[in-house]
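# Geometric and topological summary
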Amino acid sequence: MAAELAPGRWGFEKSENFDEYMKALGKSQYVISDNFDEYMKALGVSYPWRVIGNSAKPQQEISIKDGRWTIITSTPVTKVVIQFELNKEFDETTADGRKVKSTCTVHGNKLITDQRGSVDSVITRDFTKNSFIMTLAAKDVTCTRYYKRLS
């Protein structure tokens, strides 16, 4: 799997193009991931939810209006919406039903979500002009998911 995820193979390059990405916010489609099942296990996600999560090919739509961010993650069977302002804690219910306290910040070309709950997690979206790489970390497990811009 690692060779499939090598930078450049799918057009995913880390960059400092956060401003370019933000100029054209919209939908991105999941392409491939590495270690997602292990990440969900670290969070304590049940086997049935992990089966669903591993088979999902979500789209993420990111928008900003009046300083309020919205991230919609959707599949044919589920839709999770989070809304937040940067640097302000908010209540979040994750796709697997966990209740967490989250805070989102921007550092360079990255949107970082710090989730605090029964198991803490950090989700980093590393933006380029046409894609983003989402790194999810919990306990000692890291997962990488790749998304390509649709619009």
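Residues numbered from 1 in each chain as written. Predicted model: local features only at pLDDT ≥ 70, side-chain atom pairs only at ≥ 80, totals over all residues. Heavy atoms only, no water.

If you check the backbone angles, aspartate 66 has positive phi at about 55° while not being a glycine. Topologically, aspartate 66 is positioned in the loop between strand S2 (59-65) and strand S3 (68-74). One non-glycine residue, lysine 139, lies in the positive phi region at around 55°. (Helix = DSSP H or I, 4+ residues; strand = E, 2+ residues; numbered from the N terminus.)

Under the defined criterion, the tally for this structure stands at 6 aromatic pairs. Between phenylalanine 127 and phenylalanine 132, the ring centres sit 5.4 Å apart and the planes meet at 50°, which makes this aromatic pair tilted. Using a relative accessible area of 0% as the deciding quantity, one classes phenylalanine 127 as buried. Pairwise contacts between aromatic rings join Tyr30, Phe127, Phe132 and Tyr147 into one cluster. The aromatic ring of phenylalanine 36 is capped on one face by arginine 145, whose charged end is 3.9 Å from the ring centroid. (Phe/Tyr/Trp six-rings, centres within 6.5 Å; stacked < 30°, edge-to-face > 60°. Buried < 20%, exposed > 50% of the residue type's maximum accessible area, 1.4 Å probe, protein only. Lys NZ or Arg CZ within 6 Å of the ring centre and 35° of its normal.)

Before going further, it helps to examine the pattern of salt bridges. One pass over the structure, following the stated rule, counts 9 salt bridges. Across the pair lysine 101 and aspartate 91 runs a salt bridge whose closest N-O atoms are separated by 2.6 Å. With lysine 101 in strand S6 (residues 99-107) and aspartate 91 in strand S5 (residues 90-93), the pair connects residues that are 10 residues apart, well separated along the chain. Looking at lysine 101, the relative accessible area reads 37%, which means it is partly exposed. For aspartate 91, a relative accessible area of 60% translates into the label exposed. Residues joined by salt bridges that share partners form a network here, namely Asp37, Glu38, Lys41 and Arg50. (Salt bridge = Lys/Arg side-chain N within 4 Å of Asp/Glu carboxyl O.)

Moving on: the layout of surface pockets. Estimates place the volume of the largest pocket at around 700 Å³. Along the walls of the largest pocket sit 32 residues, with Phe36, Thr73, Val80, Ala95 and Asp96 positioned nearest its centre. Listed by contribution, the elements that provide at least two residues to the lining of the largest pocket are helix H2 (36-43), helix H3 (47-55), S3, strand S4 (79-85), strand S7 (110-116), strand S8 (121-127), strand S9 (131-138) and strand S10 (141-149). Classifying every residue of the lining of the largest pocket by side-chain character gives 18 nonpolar, 9 polar and 5 charged. (1 Å grid on protein atoms, 1.4 Å probe; cavity = no way out; pocket = protein on both sides within 12 Å on 5 of 7 lines; lining within 4 Å. Points joined across faces, edges and corners; volume = space filled by probe spheres on them. Nonpolar A, V, L, I, M, F, W, Y, C, P; charged D, E, K, R; others polar.)

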